[in-house]
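A look at the structure
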Amino acid sequence: MKDLISITDLSIEELQELIDKAEDIIENPDKFCDKCKRKKLATLFFEPSTRTRLSFEAAMLELGGSVLGFSEASSSSASKGESVADTAQTISCYADIIAMRHPKEGAPLVAAKAANIPVINAGDGGHNHPTQTLTDLLTIFREKGRLNNLKIGFCGDLKFGRTVHSLIAAMSRYEGNSFVLISPEELRVPGYIKKDVLEKNGLPYKETDNWNDMPELDILYMTRVQRERFFNEADYLRLRDVFILTVDKLADAKDDLCIMHPLPRVNEIEHAVDSDKRACYFKQVLNGKYIRMALILKLLGIE
Amino acid sequence: MTIDSIKNGIVLDHIEAGKSMEIYKVLELSKLDCQIAIIKNATSKKAGHKDIIKIDSLIDINLDVLGYIDPGITVNIVKDGVIAEKRHLSLPETVTDVLKCKNPRCITSVEQELPHVFRLVDREKGIYRCVYCEHKPKAEA
């Protein structure tokens, strides 16, 4: 495997290999601190995403490597009209690996075809964001010790949330998982995800507009209702406030429930929940750095 | 109705009735100088009706394009008045620059020189998706 463009580029075995490597890094950080010495990561961010970019940069720095790049299109040659392919080919001459975020879907694939160094898709529009899914999988594995036989609740914007779609697709590959999809009717999971992923794999799922299934959940994945998806501010405000996770809603939840969120959050998780031991979203951020370290090592062919 | 048989050329047989003009356009047959016969609604034992195209020249045909438009077509290569080769088509794994991706968020919408490539994702249902953004082609594409 040269690049990571979509989470489906990885087999179950490769996913597990990355998770195992990330756990090894967490347990033995000193072993890895010089692994990428003299290697350079180029972060090509054609649209800003501070969180993802810093996670990649922190990952490379912690492996002893260095980073270069840009954080918005206006500071790259794209503003002069250079193609993605040309940019990727040029950067190949400077760096050893690329992490790329681009507003257009498929841009990282174009870069991967043009570059002779590995390219990691760090998000292409509303399409793929495989390192977020890797982060989620590592978090689930670390918290639950497995990726199968789990009941996973997704809550919030299930219509536009690509992290939700990718995680449903990823978790569908493991046996015995079932899904509870909690959202207002307007923000339900798109039909093709239900048909092509859930029903095709014969996975049980339930759509609901209430919290009644909370006691049975192993994972609760909360998402933000994204303002930029709405034409009408009133609709946004109404839907944003429908599902807010509060401490009292967790009263009947399992003791070992794992509450996740890709962040940033707005108001969908009350701050008081942060001190609950079941809140895993900041651990998730940290896991994001570790899994990116594992991924960089794998793509650079470093043991 | 009688149409002369060809000596050296290609016969596209078992075209789904009504699709011959689309194939004529896509294969750019109008650019050829040789004789071409388009037979519409010919009687077919299998399908009731079919279209046939006879091309009086041995040209190179993009079989992927043809297979995408109608995988039921039989391509007969005629040499010295006899059928030298018979090819049955199937849906190709990928088609390049046959369909246009209409997704405004796709990278192909801003980078004009990129080839529009679609990959077959479901052979049974004949579903193709753009390799860049995974959108399905629009019907009129």
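Residues numbered from 1 in each chain as written. Chains lettered and ligands numbered in written order. Predicted model: local features only at pLDDT ≥ 70, side-chain atom pairs only at ≥ 80, totals over all residues. Heavy atoms only, no water.

**A few points about the pairing of strand β5 (residues 82–88) of chain B**
All names here are of chain B. Our working definition: Whether two strands pair comes down to DSSP finding at least two bridges between them. Secondary structure is summarised from DSSP: a helix means a run of H or I of at least four residues, a strand means a run of E of at least two, and numbering begins at the N terminus for each.
As paired elements, strand β4 (residues 74–79) and β5 share six bridges and run antiparallel to each other. The residue bridging T74 from the neighbouring strand is H88, located in β5. Between β4 and β5, which pair antiparallel and follow one another directly, the connecting turn spans two residues, one of which, D80, has a positive phi of 50 degrees.

**Section: empty space enclosed by the protein**
Residues and elements named next belong to chain A. Put simply, the rule is: A 1.4 Å probe that fits but cannot get out identifies a cavity on a 1 Å grid over protein atoms alone, an open set with protein on both sides within 12 Å along at least five of seven lines counts as a pocket, and a residue lines either if it has an atom within 4 Å of a point. Grid points are joined across faces, edges and corners, and a volume is the space filled by probe spheres set on the points. Only Asp, Glu, Lys and Arg are considered charged, only Ala, Val, Leu, Ile, Met, Phe, Trp, Tyr, Cys and Pro nonpolar, and every remaining residue, Gly among them, polar.
Using the criterion set out here, one finds one cavity of 30 Å³ or more in the structure. A volume near 60 Å³ is recorded for the largest cavity. Lining the largest cavity are G156, P184, L187, M222, T223, V225, L239, R240, V242, F243, N267 and E268. Residue classes in the lining of the largest cavity are distributed as seven nonpolar, three polar and two charged.

**A word on the pattern of salt bridges**
Residues and elements named next belong to chain A. The test is simple: Salt bridge criterion: a side-chain nitrogen from Lys or Arg within 4 Å of a carboxyl oxygen from Asp or Glu. Three exposure classes are used, based on accessible area relative to the maximum for each residue type with a 1.4 Å probe and protein chains only: buried under 20%, partly exposed in between, and exposed over 50%.
If you walk through the whole model with that rule in mind, you get 26 salt bridges over all chains. For R101, the salt bridge identified is with E47, shortest N-O distance 4.0 Å. Here R101, found in strand β3 (residues 97–102), pairs with E47, found in the loop between β1 (40–45) and α3 (50–62); they are 54 residues apart in sequence, far enough to count as distant. On the accessibility criterion, R101 (7% relative accessible area) is buried. With its nearest N and O atoms 3.0 Å apart, the salt bridge here joins K206 to D213. With relative accessibility at 8%, the residue D213 sits in the buried group. Taken together, the salt bridges that share partners define one network made up of E186, D235 and R238.

**Quick word on the interface of chain B and chain A**
Put simply, the rule is: Throughout, a contact is declared for two residues whenever any of their heavy atoms are within 4.5 Å. Put simply, buried area is how much 1.4 Å-probe accessible surface two parts lose in total, over both of them, once they are put together. Pairs of N or O atoms within 3.5 Å make up the polar contacts considered here, provided that, within protein, one atom can donate a hydrogen while the other can accept it, and that residues adjacent in sequence are counted only when both atoms are side-chain atoms.
If you look at the interface, chain B gives 16 residues, while chain A gives 15 residues. Where chain B abuts chain A, roughly 1,100 Å² becomes buried across the two surfaces, and 51% of that area is made up of carbon and sulfur atoms. The interface formed by chain B and chain A includes two salt bridges. Between E105 of chain A and R105 of chain B there is a salt bridge, with its nearest N and O atoms 3.2 Å apart. Taken together, chain B and chain A are joined by seven residue pairs in polar contact (both at pLDDT 80 or more). When its residues are assigned to classes, the side of chain B that touches chain A shows eight nonpolar, three polar and five charged.

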